[in-house]
Amino acid sequence: MQSFTLFPAHSSWLDMASASGSSYLLVFAAEIGDKSQLVCMALAAKYRATPVILGAALAFIVLNSLAVLFGVAIASWIPQSVMTAIVALLFAVFGIQALRNSEDEEVESIERSNRNVLVTTFLLITLAEFGDKTQLAVVALSATYIPLAVWIGATLALISTSSLGVWAGRTLLQKIPMDLIHRFSGVLFLLLAMFAGWETYQLLNL
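Residues numbered from 1 in each chain as written. Predicted model: local features only at pLDDT ≥ 70, side-chain atom pairs only at ≥ 80, totals over all residues. Heavy atoms only, no water.

K.L.:
Outline the packing of aromatic side chains, listing residues and values.
P.N.:
Per the counting criterion, the structure on display carries two aromatic pairs. Considering the side-chain rings of Y24 and F28, the 5.7 Å spacing of their centres and the 15° angle between planes classify their relative orientation as stacked. Pair noted here: Y24 and F28 are both in helix 1 (residues 13–31), with a separation of four residues, about one helical turn. (Phe/Tyr/Trp six-rings, centres within 6.5 Å; stacked < 30°, edge-to-face > 60°. Helix = DSSP H or I, 4+ residues; strand = E, 2+ residues; numbered from the N terminus.)

K.L.:
Now, about the nonpolar core: what can you tell me, with residues and values included?
P.N.:
The biggest cluster of nonpolar side chains holds 34 residues, and the ones touching the most others in it are V39, L43, F91, I125 and F189. Listed by contribution, the elements that provide at least two residues to this core are helix 2 (35–46), helix 3 (49–70), helix 7 (117–129), helix 8 (133–144), helix 9 (147–172) and helix 10 (178–204). Considering each element in turn, this core owes the most residues, seven residues, to helix 3. Those residues in contact with V39, other than ones at most four positions away along the chain, are F91, L124, I125, F189 and L192. (Core = buried A, V, L, I, M, F, W, Y, C linked by side-chain atoms within 4.5 Å. Buried < 20%, exposed > 50% of the residue type's maximum accessible area, 1.4 Å probe, protein only. Contact = heavy atoms within 4.5 Å.)

K.L.:
Explain the side chain of T121 to me, and be specific about the residues and the numbers.
P.N.:
One can find T121 in helix 7. Note on T121: relative accessible area 0%, which makes it buried. Filtering out sequence-adjacent residues up to four positions away, T121 remains in contact with L43, P51, V52, G55 and A56.

K.L.:
Explain the side chain of T200 to me, and be specific about the residues and the numbers.
P.N.:
With respect to the element layout, T200 can be found in helix 10. When near neighbours in sequence (up to four residues on either side) are disregarded, T200 contacts S81, T84 and A85.

K.L.:
Talk me through the confidence of the model for the protein; I want residue IDs and the actual numbers.
P.N.:
Averaged over all residues, the pLDDT of the protein equals 75, while 73% of them reach at least 70. Here helix 6 (residues 103–114) is the element of the protein with the lowest mean pLDDT, 46, and helix 9 is the one with the highest, 88. Scored below 50 in pLDDT, residues 102–112 makes eight contacts in the model with residues more than four places away or belonging to other chains. (pLDDT = per-residue confidence, 0-100.)

K.L.:
So what about the environment of I61? Which residues, and what values?
P.N.:
Structurally, the position occupied by I61 is in helix 3. On a C-alpha basis, the gap between I61 and T155 in space is 6.2 Å, while along the polypeptide they are 94 residues apart. Those residues in contact with I61 that lie beyond four places of it in its chain are W151 and T155.

K.L.:
Would you mind going over the packing of helix 2 against helix 9 in detail, with residue names and values included?
P.N.:
Each packed pair of helices is defined by two parameters, the angle between the axes and the distance between the axes. Contact pair helix 2 / helix 9: the axes reach a minimum separation of 7 Å and the direction vectors enclose 35°. Where helix 2 crosses over helix 9, the handedness of that crossing is right-handed. Contact with helix 2, carried on its side by Q37, C40, M41, A44 and A45, involves T161, S162, L164, G165, V166, A168, G169 and R170 of helix 9 and no other residues of that element. Class assignment of the residues belonging to the contact of helix 2 with helix 9 gives a composition of seven nonpolar, five polar and one charged. (Axes fitted to C-alpha atoms, helices over the stretch in contact; angles between N-to-C directions. Left-handed = near helix turned anticlockwise from the far one by under 90°. Nonpolar A, V, L, I, M, F, W, Y, C, P; charged D, E, K, R; others polar.)

K.L.:
Give me the lowdown on a nonpolar patch on the surface, citing residues and values where you can.
P.N.:
The grouping of L99, V187, L191 and M194 at the surface amounts to a nonpolar patch, some 390 Å² of accessible area in total. Ranked by residues supplied to the nonpolar patch, first place goes to helix 10 with three residues. Topologically, L99 is positioned in helix 5 (residues 80–100). (Patch = residues over 30% accessible without salt bridge, like charges linked within 9 Å, V, L, I, M, F, W, Y side chains within 5 Å. Areas by Shrake-Rupley, 256 points an atom, 1.4 Å probe, with all protein chains shown as cover. Salt bridge = Lys/Arg side-chain N within 4 Å of Asp/Glu carboxyl O.)

K.L.:
Break down the packing of helix 2 against helix 7 for me, with residues and values.
P.N.:
At a closest axis distance of 10 Å, the pairing of helix 2 and helix 7 adopts a crossing angle of 160°. By the angle between their axes, helix 2 is roughly antiparallel relative to helix 7. With respect to the hand of their crossing, helix 2 and helix 7 are arranged in right-handed fashion. Counting all contacts with helix 2, which are made through K35, S36, V39, C40 and L43, the residues of helix 7 involved are T121, L124, I125, A128 and E129. Its residues assigned to classes, the contact of helix 2 with helix 7 shows six nonpolar, two polar and two charged. (Parallel < 35°, antiparallel > 145°, perpendicular 65-115°, else oblique.)

K.L.:
Which residues make up the environment of V150, and what values go with them?
P.N.:
In this structure, V150 sits in helix 9. On the basis of relative accessibility, which here comes to 0%, the residue V150 falls in the buried class. As a C-alpha pair, V150 and V27 span 123 residues in sequence and 9.9 Å in three-dimensional space. Not counting residues up to four positions away in its chain, the partners in contact with V150 are S23, V138, L141, S142 and Y145.

Right under this line is the structure:
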């Protein structure tokens, strides 16, 4: 049996750079407009940018580490239908909560939520992306290229797309009244919940 090595001895730093660059471009292109980026945009529209980015980065570091170290086996621990159902429920709860926020509750709600927004971002993205196409792509790339290089490229790509989502949430939506931002976030989360629910339905009927 071939031993697992993050950086094979026969590989050069040029190979490392090439594999990282290829992984970055592939994952970046795959994640533009994906649900993790939309989650970051919705959260950043309501909360501070720093904990959202940190939470997303930690989630992708964990997910990509699992993908590289354990491969496809991670997707078999918990049925994919269960994961998508949990994601749908979480998105629905966040959507309803955002839509119910009133201007009187705005300051208190945001101040309280900011304490936990890093954990919230981490959990939402971890559950949403667990066993997703990007994670499976990292598994496949790790089997073909240098695993450490794939991890670096994929993780940087995911952090980049998440940062773009945060930037959109903090700039494009900056001049919009907070009440409308609550509604936008709520509708977006509910749409993501419906999408995850549809995925659950399809998985259960395979």
